[in-house]
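Chain by chain, the residues run as shown.
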Amino acid sequence: MLRNVAVIALPEVAAFELGVLCELFGYDRSDEGLPAYDFAVCSLDGRPVPTHTGFDLSVRADLSRVEAADLVAVARYYHHGYAVDPEVSDALRRAHERGAWVMSVCTGAFALGEAGLLDGRRCTTHWLHTDELAQRYPAAKVDPNVLYVQDGKILTSAGTAASLDAGLHLVREEHGTAIATHLARRLVVPPHRDGGQAQFIETPLQPVQCETLQPVLTEVLGTLDQPHSVDTMAQFAHMAPRTFARKFRNETGATPHDWLTHQRLLLARRLLEDSDLGMHTIAERAGFGSAATLRHHFTQRLNTTPQAYRGTFRSHSE
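Rules used in this analysis
- Residues numbered from 1 in each chain as written.
- Predicted model: local features only at pLDDT ≥ 70, side-chain atom pairs only at ≥ 80, totals over all residues.
- Heavy atoms only, no water.
- Helix = DSSP H or I, 4+ residues; strand = E, 2+ residues; numbered from the N terminus.
- Buried < 20%, exposed > 50% of the residue type's maximum accessible area, 1.4 Å probe, protein only.
- Contact = heavy atoms within 4.5 Å.
- Areas by Shrake-Rupley, 256 points an atom, 1.4 Å probe, with all protein chains shown as cover.
- Lys, Arg positive; Asp, Glu negative; His and termini not counted.
- Charge placed at Lys NZ, Arg CZ, Asp CG, Glu CD.
- Core = buried A, V, L, I, M, F, W, Y, C linked by side-chain atoms within 4.5 Å.
- Pairing = 2+ DSSP bridges.
- Axes fitted to C-alpha atoms, helices over the stretch in contact; angles between N-to-C directions.
- Parallel < 35°, antiparallel > 145°, perpendicular 65-115°, else oblique.
- Left-handed = near helix turned anticlockwise from the far one by under 90°.
- Phe/Tyr/Trp six-rings, centres within 6.5 Å; stacked < 30°, edge-to-face > 60°.
- Right-handed = clockwise from strand over helix to strand, strands pointing away.
- pLDDT = per-residue confidence, 0-100.
- Nonpolar A, V, L, I, M, F, W, Y, C, P; charged D, E, K, R; others polar.

### Digging into the overall build of the protein chain
Along the protein chain, the regular secondary structure elements total 13 helices and 10 strands. The dimensions of the protein chain, computed from C-alpha atoms along their principal axes, are 70 × 40 × 35 Å. In the protein chain, which comprises 318 residues, the share counted as buried stands at 48%. Counting contacts in the protein chain only where the partners sit at least 6 residues apart, residues at least 24 apart contribute 62% of the total. Accessible surface for the protein chain amounts to roughly 15,200 Å². Of this, 50% is attributable to carbon and sulfur atoms. Here the protein chain contributes 30 positive and 38 negative side-chain charges, whose respective centroids are spaced 5 Å apart.

Right under this line is the structure:
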């Protein structure tokens, strides 16, 4: 049972994400029927830690506090491009070896990567940093689309709000659904959010720059509502379909079908955000043909529905 929680605050710690961990595990709500934890925020040497927002955080514990913890969490920090102190890495490895939960929030995943705890494991971080995480720790299996990932007793979360999702997941794992739901209600957040962070990733609607197929890509992007296929795209390029498909993959890194579906989804996202058009009209303009097909690809690639996406991202600027 989860009873003892230690949060490691590294230099340039993010105050909000640290506060989320404090909110989840640092308050005694036992009078409400919720678990109470022996909770501490610690630093490398027990000294104050500079936050990213211009004030110092006074802590009462050093890394020795980690040795007894059932959960060791690393909050987001802004120096993730620098090496983590070896003592922090050693403390994280020892915690994992003795069976404790090890959790990261956002860029805290880089500290877990430095400790070697992500090698061979599925993990995530904020979508802005997933490429960097994968490059720095090539043995890690970085998933840029999810809100959080549990692999064994290693738990990594995406950006700010996703730390709440990950924390509630951990509470659900340790204390059951009823306690997690009660805590979520107390925090005024959903006990579980559908979807992942793929729907939040900003990807521009523009052609891939490539050597010989640029005119084809430009033509297709301007006529996404038309029923394009490998055959029709090959005709634009004056190539045989097989030759075109092979050259397309070599130059863009994707198959024609995957690239076309991705571009259609990007257009559908813009129309959902910025227009009052109905689902059927959006599906036709994006080249999906029907609202059912649009919904299928949205669910498959973004793990959410067009209606839910519009409800989340619809612009109210007018």
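### Brief notes about unusual backbone geometry
A positive phi angle, near 70°, is found at Glu12, a position not held by glycine. Mapped onto the secondary structure, Glu12 falls in the loop between β1 (4-8) and α1 (15-25). Even without being a glycine, His238 presents a positive backbone phi close to 60°. Note on placement: His238 falls in the loop between α8 (230-237) and α9 (241-252).

### What about the nonpolar core?
With 38 residues, the main nonpolar core has Leu21, Leu24, Phe25, Leu71, Met103 and Leu170 as its most contacted residues. When contributions to this core are tallied by element, the ones reaching two or more residues are β1, α1, β5 (71-74), β6 (101-104), α5 (162-175) and α6 (177-187). For this core, the element with the highest residue contribution is α5, accounting for six residues. Formed by 31 residues, the second largest nonpolar core is a distinct cluster that contains Val74, Tyr77, Ala109 and Leu117.

### Some remarks on the sheet that holds strand β10 (residues 154-157)
One open sheet holds the six strands; their spatial order is β2-β1-β5-β6-β10-β9, and the pairing between them is mixed. With partners counted over all chains shown, the strands left at the sheet margins are β2 (38-42) and β9 (148-151), one partner each. Here the strands of the sheet are splayed against their neighbours by 15° on average, with no regard to which way each runs.

### Examining the packing of α1 against α5
Between α1 and α5, the least distance of the axes is 10 Å, while the angle of their chain directions is 25°. Taken together, the axes of α1 and α5 are roughly parallel relative to one another. By crossing handedness, the relation of α1 to α5 is classed as right-handed. Across the interface between the two elements, Val20, Leu24 and Phe25 of α1 pack against Ser163, Leu164, Gly167, Leu168, Leu170 and Val171 of α5.

### Considering the packing of aromatic side chains
Applying the stated criterion across every chain, the model contains five aromatic pairs. Judged by centre distance (6.2 Å) and plane angle (65°), the rings of Phe110 and Tyr137 are edge-to-face. Here Tyr137 lies in the loop between α4 (130-136) and β8 (141-142) and Phe110 lies in helix α3 (residues 109-114), a separation of 27 residues in the sequence. Its relative accessible area of 0% is what places Phe110 among the buried residues. By way of ring pairs, the aromatic residues Phe244, Phe248 and Trp259 are connected into one cluster.

### Description of the pairing of β1
Within β1, five of the five residues are buried, which leaves the element mostly enclosed by the surrounding structure. Residues Asn4, Ala6 and Ile8 point to one face of β1 and Val5 and Val7 to the other, with burial holding for every one of them. Sheet topology note: the β1/β2 ladder contains five bridges and is parallel. Among the inter-strand pairings, Ala6 is bridged to a residue of β2, identified as Ala40. Between the parallel elements β1 and β2, the chain passes through α1 in a crossover that is right-handed. Pairing geometry for β1 and β5, over four bridges, is parallel. Counterpart to Val5 in the pairing with β5 is Leu71.

### Regarding the confidence of the model for the protein chain
Chain-level pLDDT for the protein chain is 87 on average; 91% of the residues reach the 70-or-more range. Residue range residues 198-207 is modelled with pLDDT below 50. Its contacts to residues more than four positions away, or to other chains, number 34 contacts.

### Some thoughts on the side chain of His297
Within the element layout of this structure, His297 appears in helix α12 (residues 291-302). Not counting the four nearest positions on each side in its chain, His297 is found in contact with Thr261, Leu265, Phe288 and Leu302.

### Re the packing of helix α10 (residues 256-274) against α12
Axis separation between α10 and α12 bottoms out at 11 Å; the angle between their running directions is 105°. In terms of axis orientation, α10 runs roughly perpendicular to α12. Seen from α10, the contacting residues are Asp258, Thr261, His262, Leu265, Ala268, Arg269 and Leu272; seen from α12, they are Leu294, His297, Phe298, Arg301 and Leu302. When the residues that make up the contact of α10 with α12 are grouped by side-chain class, the tally is six nonpolar, three polar and three charged.

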